[in-house]
Amino acid sequence: MGPQRRIALVSVGAAAGLVVLKLGVGLATHSLGLISEAAHSGTDLVAALLTFFALGVAGRPADRGHTYGHGKAEHLSALGEATILVGLSVVVVWRALTNLLGNGHSRVHPTWWALAAIGVVILVDLSRARVSSRAARLYSSEALRSNALHFATDLAGSVAVLVGLLLARQGYRDADSIAALFVAGLVLLAASRLMRRNVDVLMDRAPAAAFDAAREAIAEEVPGVTLRRLRLRQAAGRHFADVVIGVSRGAAVGQGHAAADAVEEAVQRALPESDVVVHVEPEEGDGALRELAQEAALSVPRVREIHNVSVLDVDGRTEISLHLKLPGDLTLDDAHAVASAVERAIADALPEVDDVRTHLEPLSEVSAVRQPQAREIERATEAVLKIVRDTAGTAPRELRFLETDQGLILFLALPLDPDAHLDAAHALASEVEERIRRERPEVSEIIVHTEP
């Protein structure tokens, strides 16, 4: 038996003893306050039994029929207990008002031993409330927290009954009924709070403090991801989080998984022992549109290569333009049919795009390569070396020319600072390529490879 159930079992024994004591003294002294407290303790006995069995159910591990576990059994128990308390309070209020507004007064006999019995009850209520409250905080148990709340109201009610009996000894005959009304008011207030809190849990109301803590943890500890959705539910002091994040569409599977792990760890640090499920989705935006357009275009047969994909906003309309490289032996009619198929594929994949424009280019599947003339290569090499030194401040690590049917091709390996940013390296490579094209127009294709 776990410690929570042992505490609940002790509460069962204490509640049974108090019922006997309060009811016996209340009947002997005709005290409505004591009888109402006995009925209150009777409901506490029922509640303690419910808590004892609910904790046994809640402690069961998750199974096929209850994949989130059985923690809500505690909240069902607490809700049932609160319902019983409301019914009891209505009866007590009715009886007390009958005494106060009726023709006669209650016939209470506040003997010394009745006062002594109330003193014992107060000590028991005080110890029960402290033990259950401490255990509820330690184990985050709603069932034990509801028990602690009830024991606290028992304590306040017992003090009220004691005051009522003392006043009755002084001749205030209605004091006992007034004390009973006070007890009933305490019970109704406690029951309403208990019902509201547990109904919120059973209705999966997101706990505001926990929601804010989880959202802030993701924002602060996992930069670079977009929080698209956060849903929280709780049961038996444990939180269940459903998180959807957006990552860059170009991120690899491993990067997306690492981001999901980071989000899970951040939420669990903010909400210890929480159960977190993270779903990863690609980000939207122009970059995503370009990538989706490329994917759609490449799905069309005979499309060999795509480049220069642009997303344009023209007077509120979204347009995409791209260059298609198709087999060079296609007829213009066939090439136009392929381009039309590409445009339809993009339009189907991206309904938000209003227009698609394509530019057709031939692509030779296999190029015949031959060594260019030595004198021509020597002049071109000297010119390229000067351009690279003037632009990049360094000599190329590799420089090679090839002669193909489409013209002269230049392969150039450009060494750069290892700490240089990629955008700066790309800008420098583009500048080198542009200068070579201007000064050596006989070079039809230039491939600049940057490396540290």
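Computed from a predicted model, the values in this text were never measured in an experiment.

**Q** I would appreciate a short explanation of the environment of Gln-234 in the present structure.
**A** Structurally, the position occupied by Gln-234 is in strand β1 (residues 226-235). Sequence separation of Gln-234 and Ser-274 is 40 residues, and the distance between their C-alpha atoms is 9.0 Å.

**Q** Please clarify how the pairing of strand β2 (residues 238-247) should be interpreted in this entry.
**A** Across a regular strand the side chains alternate sides, sitting on one face of the sheet and then on the other. Where burial is concerned, most of β2 is hidden: 9 out of the 10 residues are buried. Across 8 bridges, β2 lies against strand β3 (residues 275-282) in parallel orientation. Looking across to β3, one finds that Ile-245 is bridged to Val-280.

**Q** Help me understand the nonpolar core, please; the structure alone is not making it clear to me.
**A** When a protein is soluble and globular, its nonpolar side chains tend to lie buried together. Counting 23 residues, the largest nonpolar core has Val-303, Ile-320, Leu-322, Leu-324 and Ile-346 as its most contacted members. Mapped onto this core, the elements with two or more residues apiece are α9 (286-298), β4 (305-314), β5 (317-327) and α10 (332-349). The greatest single-element share of this core, amounting to 6 residues, is contributed by α10. Ile-320 has contacts with Leu-289, Ala-293, Val-309, Ser-310, Val-311, Ile-346, Leu-350, Val-353, Asp-355, Val-356 and Arg-357, leaving out every residue within four places of it along the chain. Counting residues in each nonpolar core, the second largest holds 20 residues, with Ala-214, Ala-241, Ala-260 and Val-276 among its members.

**Q** For this particular structure, what's the right way to read a nonpolar patch on the surface?
**A** Taken together, the side chains of Val-159, Val-163, Leu-167 and Tyr-172 define a hydrophobic patch exposed on the protein surface, amounting to about 360 Å² of accessible area. Tracing the backbone through its elements, the reader meets Val-163 in helix α5 (residues 142-169).

**Q** Sorry if this is basic, but what is going on with unusual backbone geometry here?
**A** For residues that are not glycine, phi is negative in most cases, and the peptide bond is trans in most cases. A positive phi angle, near 75°, is found at Arg-302, a position not held by glycine. Secondary-structure assignment places Arg-302 in the loop between α9 and β4. Overall, Arg-302 belongs to the partly exposed group, its relative accessible area being 38%. Look at Asn-308: it is not a glycine, yet its phi comes out positive at around 55°. Note that Asn-308 resides in strand β4.

**Q** Can you walk me through the sheet that holds β4 in this structure?
**A** Strands in a sheet are paired, the pairing made by backbone hydrogen bonds, and the direction either parallel or antiparallel. Strand order in this open sheet of 3 strands is β4-β5-β6, and the pairing throughout is mixed. Whereas interior strands pair on both sides, the edge strands pair on one side only; in this sheet they are β4 and β6 (355-363). Shown here is a sheet whose adjacent strand axes are inclined to one another by a mean of 15°, direction ignored. For β4 and β5, the ladder comprises 8 bridges, and the chain directions are antiparallel. The residue bridging Ser-310 from the neighbouring strand is Ser-321, located in β5. α10 rests against β5 and β6 of the sheet, and its axis sits at about 140° to β6.

**Q** Before we go on, may I ask you to explain the pattern of salt bridges in this structure?
**A** Close approach of charged atoms lets side chains of opposite charge pair. Here the structure, examined in full by the defined rule, presents 12 salt bridges. Between Arg-228 and Glu-281 there is a salt bridge, with its nearest N and O atoms 2.7 Å apart. Here Arg-228 is found in strand β1, whereas its partner Glu-281 is found in strand β3, with 53 residues between them in sequence. Given a relative accessible area of 33%, Arg-228 falls into the partly exposed group. Bridged by salt links that share partners, the residues Arg-229, Arg-231 and Asp-242 form one connected network.

**Q** Is there a simple way to think about the environment of Leu-298 in this case?
**A** Structurally, Leu-298 is set in helix α9. For the pair Leu-298 and Val-342, spaced 44 residues apart in the sequence, the C-alpha separation amounts to 8.1 Å.

**Q** Would you mind going over the packing of helix α7 (residues 208-221) against helix α8 (residues 253-270) with me for this structure?
**A** Two elements in contact, α7 and α8, have axes whose closest approach is 8 Å; the angle formed by their N-to-C orientations is 135°. Accordingly, the angle class assigned to the pair α7 and α8 is oblique. Crossing geometry of α7 relative to α8 is assigned as right-handed. Along the contact surface, α7 presents Ala-213, Ala-214, Ala-217, Ile-218 and Glu-221, while α8 presents Val-263, Ala-266, Val-267, Arg-269 and Ala-270. The class makeup of the residues in the contact of α7 with α8 is 8 nonpolar, no polar and 2 charged.

The rules behind the values
- Residues numbered from 1 in each chain as written.
- Predicted model: local features only at pLDDT ≥ 70, side-chain atom pairs only at ≥ 80, totals over all residues.
- Heavy atoms only, no water.
- Helix = DSSP H or I, 4+ residues; strand = E, 2+ residues; numbered from the N terminus.
- Buried < 20%, exposed > 50% of the residue type's maximum accessible area, 1.4 Å probe, protein only.
- Pairing = 2+ DSSP bridges.
- Core = buried A, V, L, I, M, F, W, Y, C linked by side-chain atoms within 4.5 Å.
- Contact = heavy atoms within 4.5 Å.
- Patch = residues over 30% accessible without salt bridge, like charges linked within 9 Å, V, L, I, M, F, W, Y side chains within 5 Å.
- Areas by Shrake-Rupley, 256 points an atom, 1.4 Å probe, with all protein chains shown as cover.
- Salt bridge = Lys/Arg side-chain N within 4 Å of Asp/Glu carboxyl O.
- Axes fitted to C-alpha atoms, helices over the stretch in contact; angles between N-to-C directions.
- Parallel < 35°, antiparallel > 145°, perpendicular 65-115°, else oblique.
- Left-handed = near helix turned anticlockwise from the far one by under 90°.
- Nonpolar A, V, L, I, M, F, W, Y, C, P; charged D, E, K, R; others polar.

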